[in-house]
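Survey of secondary and tertiary structure
As a plain string of letters, each chain reads:
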Amino acid sequence: MKFDPSIPEDGINVSRTHPLREALLLVGGVAAIAIAVAVAAAVAVDLVAPHIPIELEVRLFSGWFDRGVEADEAVDPREQSLAKLLGRMAGHWPENPYAFEIAIWDIPEPNAVALPGGVIAVTDGLLENVESENELAFVLGHELGHFRNRDHLRGLGRGIAFSLLLVAVGVGGSSSAVELASLAGQFAQRGFDRDQEIEADRFGLALLAAEYGHVSGAEAFFEHLPELGGPLDGELASYYSTHPLNADRIQALRGMAHEMGWELRGERQPLLSLSPAR
Amino acid sequence: MVELGVRLGIPLALLVLAYFTGAAVERRHYASIRERELRWRSVPAITFRSVPPSWKVTECTLITGSVVISVDYFKRFLAGLRAIFGGRIKAYESLLDRARREALMRLKQKAVERGYHAIVNVRLETCRMANARNSESIAGLEVLAFGTAVKLRNAP
Ligand SMILES: [Zn+2]
């Protein structure tokens, strides 16, 4: 018997596939599955959400969004006057089923959002940029419009889908349900479409007219917001990113006012206790 | 968003780093393995249980060669994804291939250094090392090669 000293070719025990190709294939597969699941969830939630009874909505989301106020801090006086103004505006919506709450978020970018459960969050940046009570009343009226049309629930699916994706990727591993929920809330507000915004404007304008007898302040509100570069300039949370401001929105505002015979000019009420608490 | 970037960015950076270091380590290891396989190819390491009848054995001893090899972050990531879909864990194939061949080369090296001419009844054992007790993740592998080294009067 002869010993064969040749060394075998290496290779049969090791696949020739390039590891990066393998990685691309596997990551792509996982991503595709995660996105499919998230999209399916988003569509399902978005379909169901507008039909959730309001009592259930309030029960489900109570306590989710009242962040931004530190526990040891005394109640912000601005919050009380905002709540009063909100109460006056909501008073012109008799069939309103919500018990609204105001939250002031410590965010420099001007923004206001309608959150599930009847919370209207207003940022510091917004409060610093409005110059009259009427402007603020219009913003609150606009957000009330989102509640009336239940837009605030329509985007919820997207928020939940995003949270699901985070969990799938594993980056949300340590996040509590509450953290995910608030993330979902942030994303829920992003990107209402133009028609939803104009509808909310229409409702806000009607409330404004009912409260003051004219709609002065609605346009001014847009004028007093600082100029922002692109839609993604600065933080994503800016008013423009959630409330795309196109020329036709102002156009639509003017049209509505004209159509309904609401005066675009009128005496604006000064801001009383809404100046930043320093 | 910043938090998300950190949470995603650090593992991603580790993955890229692990890919490059892992690939470099593997390339160098294979080069070294091939060089030694060539050097000691004339030393028979065979799996027969007994010595061939023509061999005249003067001395024999138990001889072992073992290697402990670590899984890198990138390979573990690939294997983790494979666990979802099933199929061949290609990332681990080269790891085990290197470990087996390295163990055999150490076996041969030891035998040669001690003046033995051949090794019979060669066996390979693989043992997996966990990161922690009850942990499913693999920290590394040991491959142990052992056999009976023989000195021959009529060396092949
Ligand atoms: Zn809006």
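From a predicted model like this one, the values you see are computed outputs, not experimental measurements.

Turning our eyes to something else, we now look at helix α9 (residues 194–212) of chain A. All names here are of chain A. Relative to the 27 Å expected for 19 residues at 1.5 Å per residue, α9 spans 26 Å between its end C-alpha atoms, a close match to the ideal helical length. If you check which residues of α9 are buried, you get Gln 196, Glu 197, Ile 198, Ala 200, Asp 201, Phe 203, Gly 204, Leu 205, Leu 207, Leu 208, Ala 209 and Tyr 212. Immediately beyond the C-terminal end of α9, within one or two residues, lies Gly 213, with a positive phi of roughly 85°.

Let us now look at a nonpolar patch on the surface. Residue and element names in this part refer to chain A. Taken together, the side chains of Ile 35, Val 39, Val 43, Leu 47 and Val 48 present a nonpolar region at the surface, about 460 Å² in accessible area. With respect to the helices, strands and loops of the structure, Leu 47 is situated in helix α1 (residues 19–48). Judged by its relative accessible area of 59%, Leu 47 falls in the exposed class.

Residues and elements named next belong to chain B. The strand order across the open sheet formed by 3 strands is β1-β3-β2, and the pairing between neighbours is antiparallel. Strands at the two margins of the open sheet, each flanked by one partner only, are β1 (57–70) and β2 (118–130). Across the sheet, the mean angle separating the axes of adjacent strands is 15° when strand polarity is ignored. Here β1 runs beside strand β3 (residues 138–152); their pairing, made up of 13 bridges, is antiparallel. Residue pairing for β3: Val 68 is matched across the bridge by Glu 142. Helix α3 (residues 90–113) rests against β1, β2 and β3 of the sheet, and its axis sits at about 150° to β1.

With that settled, the discussion passes to the confidence of the model for chain A. Residues and elements named next belong to chain A. Across chain A, the average pLDDT comes to 75, with 71% of residues at 70 or higher. The low-confidence segment residues 171–178, where pLDDT is below 50, has 8 contacts with residues more than four positions distant or belonging to other chains. Contacts from residues 226–238, a stretch scored under 50 in pLDDT, to residues over four places away or in other chains number 17 contacts.

This next bit is on the sheet that holds strand β3 (residues 119–123) of chain A. Residues and elements named next belong to chain A. In spatial order, the strands read β1-β3-β2; together these 3 strands make up an open sheet with mixed pairing. Looking along the sheet, the strands with just one partner apiece sit at the ends: β1 (101–105) and β2 (112–115). Averaged over neighbouring strand pairs, the angle between their axes works out to 20° when direction is ignored. Lying over the sheet, helix α3 (residues 77–90) contacts β1 and β3, oriented at roughly 140° with respect to β1. Relative to the sheet, helix α5 (residues 133–148) contacts β1, β2 and β3, its axis offset from that of β2 by approximately 30°.

Below, the discussion takes up the pattern of salt bridges. Under the criterion given, the structure shown has 17 salt bridges over all chains. Linking Glu93(B) and Arg88(B) is a salt bridge whose minimum nitrogen-to-oxygen distance equals 3.4 Å.

We now examine α5(A). Residue and element names in this part refer to chain A. Over its 16 residues, α5 runs 22 Å from end to end, which matches the ideal 22 Å to within 8%, given 1.5 Å per residue. Across the 16 residues that make up α5, a large majority, 15, are buried. Following α5 by one or two positions, Arg 150 has its phi on the positive side, about 60°.

Time to look at the side chain of Asn134(A). Residue and element names in this part refer to chain A. By the secondary structure assignment, Asn 134 is in helix α5. With relative accessibility at 0%, the residue Asn 134 sits in the buried group. When sequence neighbours within four positions are dropped, the list of residues in contact with Asn 134 reads Leu 208, Tyr 212, His 214, Ser 216, Gly 217, Glu 267, Arg 268 and Gln 269.

Further remarks concern the packing of aromatic side chains. Residue and element names in this part refer to chain A. Tallied over the full model, the rule gives 7 aromatic pairs over all chains. Taking the centre distance of 5.1 Å and the plane angle of 55° together, the rings of Tyr 98 and Phe 147 count as tilted. Residue Tyr 98 is located in the loop between α3 and β1, and its partner Phe 147 is located in helix α5; the two are separated by 49 residues in the primary sequence. One exposure class covers both Tyr 98 and Phe 147, and it is buried. Joined through ring pairs, the aromatic side chains of Trp 93, Tyr 98, Phe 100, Phe 147 and Phe 203 make up one cluster.

All names here are of chain A. Of note, Ala 44 is situated in helix α1. Take Ala 44: its relative accessible area is 38%, and that puts it in the partly exposed class. Considered as a pair, Ala 44 and Gly 157 are 113 residues apart in the sequence and their alpha carbons are 7.3 Å apart.

Criteria and thresholds
- Residues numbered from 1 in each chain as written.
- Chains lettered and ligands numbered in written order.
- Predicted model: local features only at pLDDT ≥ 70, side-chain atom pairs only at ≥ 80, totals over all residues.
- Heavy atoms only, no water.
- Helix = DSSP H or I, 4+ residues; strand = E, 2+ residues; numbered from the N terminus.
- Expected span 1.5 Å × (residues − 1).
- Buried < 20%, exposed > 50% of the residue type's maximum accessible area, 1.4 Å probe, protein only.
- Patch = residues over 30% accessible without salt bridge, like charges linked within 9 Å, V, L, I, M, F, W, Y side chains within 5 Å.
- Areas by Shrake-Rupley, 256 points an atom, 1.4 Å probe, with all protein chains shown as cover.
- Salt bridge = Lys/Arg side-chain N within 4 Å of Asp/Glu carboxyl O.
- Pairing = 2+ DSSP bridges.
- Axes fitted to C-alpha atoms, helices over the stretch in contact; angles between N-to-C directions.
- Contact = heavy atoms within 4.5 Å.
- pLDDT = per-residue confidence, 0-100.
- Phe/Tyr/Trp six-rings, centres within 6.5 Å; stacked < 30°, edge-to-face > 60°.

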